[in-house]
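Architecture and fold: a report
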Amino acid sequence: MMDANEREVYRAAIHGDREAFEMIIRTYSRPLFAITYGILQNREEAEDAVQDTLVKAWKSRWRVRDPEKFPAWLCMIARHCARDVFRKRRPISVAEIPEANAPETSDSSGLDRQLHSALASLPELHRAALSLRYFEEMDYATIENRLGLSNGSLRGILGRALASMRKQLKPALASKQS
Amino acid sequence: MTIHDHIDEFLAADLHSELSDEERNALHTHLVECADCRQAHQETKAMNKVLNEKFENEKPNLAFENRMLAHFRNRAPERARVFSQFPFNLLYSRATQLAGVAALLLALVQVGRIITGEHFLGNRYDSSPVSLEQSVRPMSMNERREEADLAKRDEVRAKDIRNRALKATGDSTVATPPPPVAATGGSARAEVAPEFHEEKAAPGRNIPAEGVAQNPVDTFRRDEVSSTAAEAPATGNPALANQKLIRNATVDLEIVSFDQAIQKITAFAAEEKGYVATTNSEKQENGKLKGQIVVKVLPENLDRFLQKIRGLGELKNQTLGTEDITKSYFDTEARLKNARVMEQRLIEMLKKKSEDINDLLQVEKELGRVREQIEQMQGELKFWDSQVQFATVTISLAEKDLEEAAKYLLKERAQLAIYTPEVEKIYNDLKSLASPKVQITNAQLDRDNSGRVSARVSMLIAPEESDGMIAKAKAMGRVENFQTQTERVAQGGEGMSENANTKRDKVELNITISRDEQEQAFQQTTLRIRTSTVDERAKKLRELAEKQSGRVRSSSFSRDPEGREFASVAVRVPMKNYNALMQSFDSLGKVEDVSVQRLDRTGQVDEANAPADLQIQVYSQGNIVSSDTGLIATLRRTIAQSAAAIMWSLRMIGVAIAFLAPWIAAIVVIVWIVRRIRSRRS
């Protein structure tokens, strides 16, 4: 499943090897960003969430017993952090975002806005899965592993997510195609 | 699973190239066939494109990783390796975790112990009181050493003083005043002091009460005593001849003649160079003598004397005792000497110092006391001398058959119960019989609420009148239970005697008079008569009884729910008519369950007139089917019981719910909490 080298890196990181952990940061900050961005839909916030995630992971690394589960655990922390950020900003965003976006009337930004709201209407897990797929072009098996999903369930999730978005964006898409 | 139903999944997977070849082929064939799905395919493709563009725009730039790293380094700075890594490594070992848990538990236990005030250091310090004291009262190291040193020094000093004291007075009698050191305090020093006191007290024992210092005069006197007392053992120490022994003996003898015995004892005493000190004698009621005689003989002749006495009669008891008074004798002697010296000194003092009247008085008083003591001691010594010079023999004499009875008294007691219809008349008749020879000691007539009358007369009758009197009383009514009792009482002794005379005493007669209804029946019979007409037969039964001069004592009638009738009749007839009555019952119906109980009493005088009780029950068969049986009754009962059963089970269900409800509530709450936690995590 996981090659011995990779596993050794995780083990070292769990045991407090800082270099190993930095290596993990290099390889994993993008997928983690994909997850937090999927949930938050905002780059700055997503970056903050990733930073929180990394620090938190470093501090509580001893909680992981099995190095194999390290990536999934990291993703879990990322989701938690993103959710925390999401909760904190909510009261502001609900009031401000529509007004801020209202004046923009250009075609592309209209589509963008619709896309944004369509994404927002999806369940959190679906958004995380989507962004992992589109940012990182990960294969389904890896995504399932990272998000702690069972084998083969991702296909249904992504199918449903795409279908629901396409239905919401149908008019905009049609205009774009034509 | 058809592709059409899951077209969304297939389309997405196709675009993400996650379909197997087989699946892709199937999808494309379906797309050719299905217009809707083709449409969806087009839209999904567009959607995919839009999404790709969108996310391409939002992708973090190249410096993203470095930014993250920098930030991480900033927020979680590297600490010295050893310190940061070591605890984490420790945290990974199971042993550390277990140890941690154990330590936590231990800590909790200790906290609990401290809170509850239990001591967990064990009893190490409880064994010796001294160290306990030390632990209670904290003391610096220096202080403690000082204390110990002091104690040691005191001990040495005490020993020194003791040795010196012993040397000075020999080891017989010592009364040095206690060294002042011992009196001063300090916990360690106090330990030495009592020991010393004890040592001192032991040799001082020979000097009685005076040895204890109480006032200045006393102390001064005691010094005198101790200085002279040292000489005592020199003179007193034992040559055997000088032993002071008091010998005495007691002898119990049974002899034939008291006077003879006294004569002989006096003769024996003279032979052994002794004398008769006292005699006393006492004459018993039966003419026998007993007494005591005290003889003094020389101690060396005592054994021979006793031997002789034994020949006088039967020896019942003998004790021989020797008391050694040597020690107290010589002690007293020594004290006497001291007291004399003391007396002399006081007299000298009296002569010299005649200025201060107070001193004079004091000395005079003391002189009086000492003289009194001297006299007392002299008396004591004299008494002992006399005791030692002669042995005392106390002889108790008793003539044979001392206990024989002097005379006898015949006591007679008689008891009589009379049943009569007229209690009061008999009672008065009995009372009128009184005369100087017939004395009534107690007469009593009782009538209770229910009209029952009984009387009791006790009398004392002169012996010669007694037989006639008893006969008269017997003639007054139906006599029941006549008892006499004669007792021969020995007077002035006990046991048999051939020549003592016997005297008849007054006769005590107790008479109880009661109405004849109260008399217990001589014979009791119960029987049942079955008949169809109870009421009529019961009436006839009464008639029959009256014909046989019987009396109906009680009767009752009852009917039970099943229609049976009962009549109970209790009849009393004289014994002579009993058989006739029993035979007449046959005409009434079927006689069943006859049981007869006869009371054979001793002293029964008049059997023919004695009462016989009959308890007759007349009854009918009643209905064959009672209202408690039958179909309707069964039905009723069944319904009632099933209703009761339903009520019972309802109640039980209620109980069960009451028992389970809290558990169910608790489980529900726990499940709810667990679910909530889970949903929050995911």
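All of these numbers come straight from a predicted model, not from anything done at the bench.

Calculation criteria
- Along each chain, residue indices are assigned from 1 in the same order as the chain's sequence is written.
- Here every chain gets a letter starting at A, and every ligand a number starting at 1, in the order they are written.
- With the structure being a predicted model, the display of local features is reserved for residues of pLDDT at least 70 and the display and counting of side-chain atom pairs for 80 or more, all residues being used for whole-chain, interface and lining totals.
- To obtain the side-chain values, all non-hydrogen atoms of the structure were included, while hydrogens and water were left out.
- The helix and strand labels rest on DSSP assignments: H or I over at least four residues marks a helix, E over at least two residues marks a strand, and numbering proceeds from the N terminus.
- For each residue, the accessible area found with a 1.4 Å probe, counting protein chains only, is set against the maximum for its type, and the residue is called buried under 20%, exposed over 50%, and partly exposed in between.
- Contacts are assigned to residue pairs with any non-hydrogen atoms lying within 4.5 Å of each other.
- For the area figures, the Shrake-Rupley method with a 1.4 Å probe applies, and any residue is considered shielded solely by the protein chains shown.
- Simply put, an axis is a line fit to the C-alpha atoms, just over the touching stretch for a helix, and the angle between two N-to-C directions goes from 0 to 180 degrees.
- Orientation is classified from the angle alone, with under 35 degrees giving roughly parallel, over 145 giving roughly antiparallel, 65 to 115 giving roughly perpendicular, and any other angle giving oblique.
- We call Asp, Glu, Lys and Arg charged. Ala, Val, Leu, Ile, Met, Phe, Trp, Tyr, Cys and Pro are nonpolar, and the rest, Gly among them, are polar.
- Each residue after the first adds 1.5 Å to the expected span of a helix.
- Read the arc as the range of directions from the helix axis to the C-beta atoms.
- Pairing of aromatic rings covers Phe, Tyr and Trp, the last counted by its six-membered ring, and requires centre-to-centre distances within 6.5 Å; plane angles under 30 degrees mean stacked, over 60 mean edge-to-face, and any other angle means tilted.
- Exposure above 30% relative accessible area and no salt bridge define the residues that can form patches, which grow by joining like charges within 9 Å and nonpolar side chains of Val, Leu, Ile, Met, Phe, Trp and Tyr within 5 Å.
- A pairing counts as a salt bridge when a side-chain nitrogen of Lys or Arg comes within 4 Å of a carboxyl oxygen of Asp or Glu.
- Here, any two strands with at least 2 DSSP bridges between them count as paired.
- Take the far helix as your reference; a near helix turned counterclockwise from it by less than a right angle gives a left-handed crossing, and one turned clockwise gives a right-handed crossing.
- When two components associate, each loses some accessible surface as probed by a 1.4 Å sphere; the sum of these losses over both components is called the buried area.
- Polar contacts here mean pairs of N or O atoms no more than 3.5 Å apart (in protein, one a potential hydrogen donor and the other a potential acceptor; neighbouring residues in sequence count only if both atoms are side-chain atoms).

1. Focus: the overall build of chain A
Tallying secondary structure elements over chain A gives 9 helices and 0 strands in all. A buried classification covers 52% of the 178 residues belonging to chain A. In chain A, once contacts between residues fewer than 6 apart in sequence are set aside, the share between residues at least 24 apart is 65%. Looking at chain A as shown, the accessible area adds up to about 8,500 Å², and 52% of this sits on carbon and sulfur atoms.

2. Focus: the packing of helix 8 (residues 153-168) of chain A against helix 1 (residues 7-15) of chain B
Direction vectors running N to C along helix 8 of chain A and helix 1 of chain B enclose 100 degrees, while the axes themselves pass 7 Å from each other. In terms of orientation, helix 8 of chain A lies roughly perpendicular with respect to helix 1 of chain B. Between helix 8 of chain A and helix 1 of chain B, the residues in contact are R155, G156, L158, G159, L162, A163, R166 and K167 of chain A and D8, E9, A12 and A13 of chain B, respectively. In terms of residue class, the contact of helix 8 of chain A with helix 1 of chain B is made up of 5 nonpolar, 2 polar and 5 charged.

3. Observations regarding helix 13 (residues 258-271) of chain B
Residues and elements named next belong to chain B. In a regular helix each residue adds 1.5 Å, so 14 residues correspond to 20 Å; helix 13 covers 20 Å between its end C-alpha atoms and thus fits that length. Along helix 13, the residues classified as buried are F258, A261, I262, I265, F268 and A269. The arc that holds every buried residue of helix 13, seen down its axis, measures 125 degrees, which confines them to one face. More than 90 degrees from the buried face of helix 13, the exposed residues found are D259, Q260, Q263 and A270. The elements touched by buried residues of helix 13 are strand 1 (245-255), strand 2 (275-283), strand 3 (289-297), helix 14 (302-310) and strand 5 (391-399).

4. Quick look at the packing of aromatic side chains
Inspection of every chain in the model, using the stated rule, returns 17 aromatic pairs over all chains. Consider the rings of Y37 of chain A and F55 of chain B, whose centres lie 6.2 Å apart with planes at 75 degrees: the pair is edge-to-face. With Y37 of chain A in helix 2 (residues 18-40) and F55 of chain B in helix 3 (residues 35-58), the pair connects residues from two separate chains. Assigned by exposure class, Y37 of chain A and F55 of chain B land together as buried. Summarising the aromatic geometry, the rings of F135 of chain A and F55 of chain B are spaced 5.1 Å apart at their centres and angled 75 degrees between planes, so their arrangement reads as edge-to-face.

5. Structural notes on a nonpolar patch on the surface
All names here are of chain B. A cluster of nonpolar residues, W648, M652, V655, F659, L660, I664 and V668, forms a patch on the protein surface that exposes about 710 Å² of accessible area. For F659, the position within the fold is in helix 21 (residues 631-681). We classify F659 as exposed; its relative accessible area is 61%.

6. Things to note about the pairing of strand 12 (residues 551-559) of chain B
Residues and elements named next belong to chain B. Of the pairings in the sheet, the one linking strand 12 to strand 13 (residues 565-574) comprises 8 bridges and is antiparallel in character. Among the inter-strand pairings, S558 is bridged to a residue of strand 13, identified as F566. The hairpin turn running from strand 12 into strand 13, its antiparallel successor, is 5 residues long, and G563 in that turn takes a positive phi close to 85 degrees.

7. Quick look at the packing of helix 13 of chain B against helix 14 of chain B
Residues and elements named next belong to chain B. Running from amino to carboxyl end, helix 13 crosses helix 14 at an angle of 160 degrees, the nearest separation of the two axes being 10 Å. Considering the angle they form, helix 13 stands roughly antiparallel to helix 14. Regarding helix 13 and helix 14, the two cross each other, and that crossing is right-handed. Across the interface between the two elements, I265, F268, A269 and E271 of helix 13 pack against F305, K308 and I309 of helix 14. Per-class residue counts for the contact of helix 13 with helix 14 are 5 nonpolar, no polar and 2 charged.

8. Remarks on the interface of chain B and chain A
Every contact between the two is made by 51 residues of chain B and, on the other side, 54 residues of chain A. Interface of chain B and chain A: buried area, both sides summed, is about 5,300 Å²; carbon and sulfur atoms make up 58% of it. Scanning the region where chain B abuts chain A turns up 7 salt bridges. In this structure, the salt-bridge partner of R75 of chain B is D52 of chain A, at a minimum N-O distance of 2.8 Å. Counting across the chain B and chain A interface gives 17 residue pairs in polar contact (both at pLDDT 80 or more). For the side of chain B that touches chain A, the elements supplying multiple residues, two or more each, are helix 1, helix 3, helix 4 (64-75), helix 5 (81-92), helix 6 (94-116) and helix 21 of chain B. If one sorts the elements of the side of chain B that touches chain A by residue count, helix 3 of chain B sits on top with 15 residues. The residue inventory of the side of chain B that touches chain A, partitioned by class, reads 20 nonpolar, 14 polar and 17 charged.

9. Remarks on unusual backbone geometry
The phi torsion at Q41 of chain A lies on the positive side, around 60 degrees, for a residue other than glycine. Looking at the secondary structure, you find Q41 of chain A in the loop between helix 2 and helix 3 (43-59). Phi at D593 of chain B takes a positive value of approximately 45 degrees, unusual for a residue other than glycine. Residue classification places D593 of chain B among the exposed residues on the basis of a relative accessible area of 53%.

10. Describing the sheet that holds strand 15 (residues 611-619) of chain B
Residue and element names in this part refer to chain B. Overall, mixed pairing links the 5 strands, which are arranged 12-13-15-11-14 in an open sheet. Every interior strand has two partners, whereas the edge strands, strand 12 and strand 14 (590-598), have only one. In this sheet, adjacent strand axes meet at a mean angle of 10 degrees when their direction is disregarded. Pairing of strand 11 (residues 523-530) with strand 14 involves 7 bridges; the strand directions are antiparallel. Among the inter-strand pairings, T526 is bridged to a residue of strand 14, identified as S595. Strand contacts of helix 20 (residues 575-584): strand 11, strand 13, strand 14 and strand 15, with the helix running at about 145 degrees to strand 13, the strand carrying the most contacts.

11. With respect to the environment of F268 of chain B
Residues and elements named next belong to chain B. The topology assignment puts F268 in helix 13. Residues F268 and V295, 27 residues apart in the sequence, show an inter-C-alpha distance of 9.8 Å. Discounting chain neighbours no more than four positions away, the residues touching F268 are F305, K308, I309 and L312.

Worth remembering: the numbers are spatial, not functional.
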